[in-house]
Amino acid sequence: MTLVLTHTHGDRVTLAHEATGTELLAYVYRPEDPWEAPKPYLHPLRTLSGALVTDYRPNDHRWHKGLQLTASHLSGQNLWGGNTYVHGEGYLALPERVGSMAHTGFETVRAEGDRALIEETLTWHPHDTAVHWADERRRIEVAAGTDCWSLTWTSAVTNRHSEPLRFGSPTTHGRPDAGYTGLFWRGPRAFRGGETFTAEAEGQDLMGSQSDWLAYTGEHDGRDGHATLVFAHAPGNDHRGEAGTHPAHWFVRSEPFAAVAPSWAFHEELVLAPGDSFARTYRVTVADGRWDRDRVLAHFEEQPW
């Protein structure tokens, strides 16, 4: 299965599946809107058959754009974009708090056979873009299979600020069950009411829980059938919070919209000291059809880390 890469310089990188002509993804690395999207994002994402599995600028949260790395609360700034949650007041338009994750260059952009690789450098800034808070090295690997394809996202962030960087979320700032930050997926409106499950549990009990992976299955509008996305931690991630590490928890909703994030700071802040770094790797598998728990487990046996 050959992947075809197209780089529109200064804008985006797209990957298409040669046999079907399906554009599997577009990586927009220099978005035009500094308030809604002050950082790169992936949209659209599609299954091998061409079914759309991401949303873009939904009317409830215009700053939700496909799959993206976010920092909703970072030392008083919002590097996600859009409205900022303020305890007791809700979501407010506070442009003076909107920072940015700025693309600075690519080290690798290539596709060979059924695999593709994007390696990128970024700088993170508060609202004052002349101030440099962090460096990020980002690696996005794509692998196409016969019935699904996967995207492996690695981000390594180094604090270049003179003070600790404090990663938080609406939950760390007073809003229950809203611990989103980090890698965030927004599903299409048709996926509302979808099925969510892990190896141990399913449904509403998953909010704020911990597990190696989480699956989301939704049914399409406009065409028959379902699609399944499986979000997984790399074995080296400290999502369980073993001795001295910072635990991660799942943010997941199927109502009033479809969303999944393996949160860096669900219940408590992650504090990164000056000069220190942390790295996280996640894999997102995109499949046609309605996978169940046994099919997901079989997939991990077929394609282990």
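Structural notes, computed from the coordinates. (Residues numbered from 1 in each chain as written. Predicted model: local features only at pLDDT ≥ 70, side-chain atom pairs only at ≥ 80, totals over all residues. Heavy atoms only, no water.)

Structural notes on the overall build of the protein
- Each helix and strand counted, the protein has 1 helix and 21 strands in total.
- A compact globule built from 305 residues would reach a C-alpha radius of gyration of about 19 Å, and the protein, at 18 Å, matches this within 12%.
- The dimensions of the protein, computed from C-alpha atoms along their principal axes, are 50 × 45 × 40 Å.
- Once local pairs closer than 6 in sequence are excluded, the contacts in the protein between residues at least 24 apart make up 58%.
- One way to put it: in the protein the 27 positive side-chain charges average out to a point 3 Å from where the 41 negative ones average out. (Helix = DSSP H or I, 4+ residues; strand = E, 2+ residues; numbered from the N terminus. Rg over C-alpha atoms; globule rule 2.2 N^0.38 Å. Contact = heavy atoms within 4.5 Å. Lys, Arg positive; Asp, Glu negative; His and termini not counted. Charge placed at Lys NZ, Arg CZ, Asp CG, Glu CD.)

Structural notes on the sheet that holds strand β20 (residues 270–272)
- The 3 strands are arranged β6-β13-β20 in an open sheet whose pairing can be described as antiparallel. Edge positions in the sheet fall to β6 (73–74) and β20, since each has one partner strand and no second.
- Here 3 bridges tie strand β13 (residues 165–168) to β20, and the two strands are oriented antiparallel to one another. Residue Leu 165 lies in a different strand from β20, and its bridge partner there is Leu 272. (Pairing = 2+ DSSP bridges.)

Examining the environment of His 132
- Assignment of secondary structure puts His 132 in the loop between β10 (115–125) and β11 (134–144).
- Spatially, the C-alpha atoms of His 132 and His 161 are 6.6 Å apart, while their sequence positions differ by 29 residues.
- Those residues in contact with His 132, other than ones at most four positions away along the chain, are Thr 123, Trp 124, His 125, Arg 160 and His 161.
- Of note is the side chain of His 132, whose polar atom sits 3.2 Å from the backbone oxygen of Ala 134.
- Here the side chain of His 132 touches Asp 135 through a polar contact of 2.7 Å, side chain to side chain. (Polar contact = N/O pair within 3.5 Å; in protein donor to acceptor, adjacent residues only side chain to side chain.)

Side note on the nonpolar core
- Residues Trp 124, Trp 149, Phe 167 and Trp 185 are the most contacted members of the largest nonpolar core, which totals 51 residues.
- With 11 residues, the next largest nonpolar core counts Ala 178, Tyr 180, Phe 184 and Phe 257 among its residues. (Core = buried A, V, L, I, M, F, W, Y, C linked by side-chain atoms within 4.5 Å. Buried < 20%, exposed > 50% of the residue type's maximum accessible area, 1.4 Å probe, protein only.)

Some words on the sheet that holds strand β9 (residues 100–112)
- Read from one edge of the open sheet, 8 strands run β9-β10-β11-β12-β21-β17-β16-β15, paired in antiparallel fashion. Two strands lie at the open edges of the sheet, namely β9 and β15 (195–197), each paired on one side alone. When the angles between neighbouring strand axes are averaged without regard to direction, this sheet yields 15 degrees.
- Strand direction decides the pairing type here: β9 and β10, joined by 11 bridges, are antiparallel. Its bridge partner lying in β10, Glu 112 is registered against Arg 115.
- Across the sheet, helix α1 (residues 293–302) touches β12 (148–159), β15, β16 (213–219), β17 (226–233) and β21 (277–288), and the angle it forms with β16 is around 130 degrees. (Axes fitted to C-alpha atoms, helices over the stretch in contact; angles between N-to-C directions.)

Thoughts on the packing of aromatic side chains
- Under the definition given, this model contains 18 aromatic pairs.
- A centroid spacing of 6.0 Å and a plane angle of 70 degrees characterise the contact between Tyr 180 and Phe 184, whose relative ring orientation is edge-to-face.
- What makes Phe 184 buried here is its relative accessible area of 1%.
- With centroids separated by 6.1 Å and ring planes inclined at 40 degrees, the aromatic side chains of Trp 213 and Phe 300 adopt a geometry described as tilted. In this pair, Trp 213 is assigned in strand β16 and Phe 300 in helix α1, connecting sequence segments 87 residues apart.
- Residue classification places Trp 213 among the buried positions, given a relative accessible area of 7%. (Phe/Tyr/Trp six-rings, centres within 6.5 Å; stacked < 30°, edge-to-face > 60°.)

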